[in-house]
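Structural characterization, general
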Amino acid sequence: MLFNSVEFLAFFPVVTLGYFLLPHRHRWWWLLAASAGFYVVFRWVYLLILVFTIAVDYVAGRLIEHAHGKRRKAWLILSIAANLGVLAAFKYYPFITENLGGLAAALGVGNPLPVVAWALPIGLSFHTFQAMSYTIEVYRGRQPAERHFGLYALYVMFYPQLVAGPIERPQNVLPQLRAPHAFSYPRLISGLQLMAWGLIKKMVIADRLAVLVDQVYDHPSQYTGLPLLLATAAFAIQIYCDFSGYSDIALGAAETMGFSLMKNFDRPYFAQSVAEFWQRWHISLSTWLRDYLYIPLGGNRVGAGRHYINLGITFVLSGLWHGASWHFVVWGALHGAYLVAATATAAPRHRLAAALGLHAGRRRTAVLNILTTGALVSFAWIFFRAATLADAAYICRHLFTGLGQQLTDWRALPTLLTGLGLPKSQLAIGGAAVAALVAIEWLQHAGPLRPRLVLAPAWVRWPAYYGLVLSLLLLAYATSNPEFIYFQF
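Report follows, based on the coordinates. (Residues numbered from 1 in each chain as written. Predicted model: local features only at pLDDT ≥ 70, side-chain atom pairs only at ≥ 80, totals over all residues. Heavy atoms only, no water.)

1. Here's the deal with the packing of helix α9 (residues 226–256) against helix α15 (residues 363–385)
Remark: α9 packs on α15, axes separated minimally by 9 Å, with the N-to-C direction vectors making an angle of 80°. Taken as axis vectors, α9 and α15 run roughly perpendicular relative to one another. Contacts from T232, F235, A236 and I239 in α9 reach S378, W381, I382, F384 and R385 in α15. (Axes fitted to C-alpha atoms, helices over the stretch in contact; angles between N-to-C directions. Helix = DSSP H or I, 4+ residues; strand = E, 2+ residues; numbered from the N terminus. Parallel < 35°, antiparallel > 145°, perpendicular 65-115°, else oblique. Contact = heavy atoms within 4.5 Å.)

Written out as structure tokens, the structure reads:
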């Protein structure tokens, strides 16, 4: 079920109201049944995969807790193998067979693996990683194995974050599933605010920019210069508004019932380095990779060479997590290369900055750092959005081709812009919405606006609420593909 659908408009109040009307001891099955219903709307057979992994990890958690020594580790390995096996079968098997087939053809032999094409279950990467975090935490002794099968199933299937995160940890969610939550009007309003803001980011900004991005990136060879630059910048905003919009709705829906989920985005395009960007972007995934991959590999507690390898492995696997395709691998490797280069050149860059008067803490230094980081991240997004590596290579080669002429030919410029899929009025609305987004996020440098809005007088609060609702009703962009981008992962 999509958050931006009519079905969810009916589903959400019914589930939330039912949650508070039921006694606490019955709430777990109500939420579990609602979450199952939420998921089967996409395709009922996907639920069987979820049930399998839930059963495996529930049993594995109990066995790990009671085992000792090598036996304990063996149960963990079997659990991880089962989870990664399901992920590999549905997400990576076609990629493996395709590449193996190409290699076999080059060697003049047949492909040893049968070619199988099946649909990727919605949100498989998300709930697989969430399930793995549970068994790993039980193995590390940081989380007791859950005895209540229904509560564990709800931990994996909790509908707000089931299909696109945030990727939660058991220490945060399981205690909340046990705790009674009394109805709170301020909390309800706060959650609805966040949900409305998420819908605006998705339906007003992301869906509108998607038209321009799709027009250019689906036919990149037809464009050079300004259209490629605009589409790349638009995609950087689109994917942020699309994914963070989903996260906002998820966190808001959970908050209305008293649950606090992990914050997944923190104004990432105000980051002053690529390392800081990853502390602000998809925080639940970046911290998962840090805790369960990067640090176990040795992190930065090893020699420089090994440290760089650890960064490279982490970000290449981050790319693969996003998609079974080489352009995702290149996207991840590029971010890893950014961090390796930043680490290796830290000393000379600091000396150069001091010589140029770009001292840390100064506004002009911060602005330059933000713009540089944004340019690097946006360049990497080319490989994320492009359909193939060949398309990405073309875009990179032609980003600035003919740019000077396009910018100076004022008569042709309006025609060039309106030829990107959006009429002038929609371009103006999109540009104004992006400007408003930047202004609102800048205002949050001193802290979130929502708590301040809740405490503001009525003559401030209610116009803001009406503004949110009217923005959705009047400015939402009708699209034939309302799905969220990260559903494909």
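2. Remarks on the nonpolar core
In this structure, Y159, W381 and Y486 are the most contacted members of the largest nonpolar core, which totals 125 residues. Once residues lying within four places of it in the same chain are set aside, the contact partners of Y486 are F126, V163, I239, D242, F243, W281, H282, W321, H322 and F384. In terms of nonpolar packing, the next biggest core, distinct from the first, is built from five residues, I49, L87, Y92 and L124 among them. (Core = buried A, V, L, I, M, F, W, Y, C linked by side-chain atoms within 4.5 Å. Buried < 20%, exposed > 50% of the residue type's maximum accessible area, 1.4 Å probe, protein only.)

3. Focus on α15
An ideal rise of 1.5 Å per residue puts 33 Å on 23 residues; α15 measures up with 32 Å between its terminal C-alpha atoms. T365, A366, T373, V377, S378, A380, W381, I382, F383, F384 and R385 are the residues of α15 that are buried. (Expected span 1.5 Å × (residues − 1).)

4. Regarding the pattern of salt bridges
Tallied over the entire structure, the rule returns 12 salt bridges. Residues D248 and K201 are paired through a salt bridge, measuring 2.7 Å at the closest nitrogen-oxygen approach. Highlighted residues: D248 in helix α9 and K201 in helix α8 (residues 185–217), separated in sequence by 47 residues. When sorted by exposure, D248 lands in the same class as K201, which is buried. The partner of D291 in a salt bridge is R290, with the nearest N and O atoms 2.7 Å apart. For D291, a relative accessible area of 16% corresponds to the buried category. In the salt-bridge network here, residues are joined through shared partners; they are R169, R290 and D291. (Salt bridge = Lys/Arg side-chain N within 4 Å of Asp/Glu carboxyl O.)

5. Some thoughts on the environment of F20
The residue F20 is located in helix α1 (residues 6–21) in this model. Judged by its relative accessible area of 18%, F20 is buried. Considering only alpha carbons, one finds F20 and A182, 162 residues apart in sequence, at a separation of 7.4 Å. Apart from the residues within four sequence positions on either side, F20 is in contact with R27, H181, A182, F183, R187, T256 and M257.

6. Points about the packing of aromatic side chains
Counted under the stated rule, the structure contains 54 aromatic pairs. A centroid spacing of 5.4 Å and a plane angle of 90° characterise the contact between F20 and F183, whose relative ring orientation is edge-to-face. Remark: F183 occurs in the loop between α7 (170–178) and α8 and F20 occurs in helix α1; sequence separation between them is 163 residues. F183 sits in the partly exposed class, given a relative accessible area of 48%. The ring of F270 has R267 lying over it, and the distance from NZ or CZ to the ring centre is 5.1 Å. (Phe/Tyr/Trp six-rings, centres within 6.5 Å; stacked < 30°, edge-to-face > 60°. Lys NZ or Arg CZ within 6 Å of the ring centre and 35° of its normal.)

7. Observations regarding the environment of T418
You can see T418 is positioned in helix α18 (residues 413–418). C-alpha separation for the pair T418 and I96, spaced 322 residues apart in sequence, amounts to 41 Å. Engagement of the side chain of T418 in a polar contact is seen with the backbone oxygen of P414, the distance being 2.9 Å. (Polar contact = N/O pair within 3.5 Å; in protein donor to acceptor, adjacent residues only side chain to side chain.)

8. Quick word on the packing of α8 against helix α19 (residues 424–443)
What describes two packed helices is the angle between their axes and the distance between those same axes. Interhelical geometry of α8 versus α19 gives an angle of 135° and a closest axis separation of 10 Å. By the criterion of interaxial angle, the relationship of α8 to α19 is oblique. The chirality of how α8 crosses α19 is left-handed. Along the contact surface, α8 presents W197, K201, V204, I205, R208, L209 and L212, while α19 presents Q426, L427, I429, G430, A433, V434, L437 and I440. Along the lines of polarity and charge, the residues of the contact of α8 with α19 split into 11 nonpolar, two polar and two charged. (Left-handed = near helix turned anticlockwise from the far one by under 90°. Nonpolar A, V, L, I, M, F, W, Y, C, P; charged D, E, K, R; others polar.)

9. A short note on the environment of W30
Along the chain, W30 turns up in helix α2 (residues 24–40). A relative accessible area of 23% places W30 in the partly exposed class. In this structure the C-alpha to C-alpha distance between W30 and Y19, which are 11 residues apart in sequence, comes to 6.9 Å. Other than its neighbours up to four places away in sequence, W30 contacts V14, V15, G18, Y19 and L22.

10. What to know about a nonpolar patch on the surface
On the surface, F183, Y185, W462, Y466, V469, L470, L473, L474 and L475 cluster together to form a nonpolar patch covering roughly 990 Å² of accessible area. No other element matches the seven residues that helix α21 (residues 458–475) contributes to the nonpolar patch. Assignment of secondary structure puts L470 in helix α21. Take L470: its relative accessible area is 46%, and that puts it in the partly exposed class. (Patch = residues over 30% accessible without salt bridge, like charges linked within 9 Å, V, L, I, M, F, W, Y side chains within 5 Å. Areas by Shrake-Rupley, 256 points an atom, 1.4 Å probe, with all protein chains shown as cover.)

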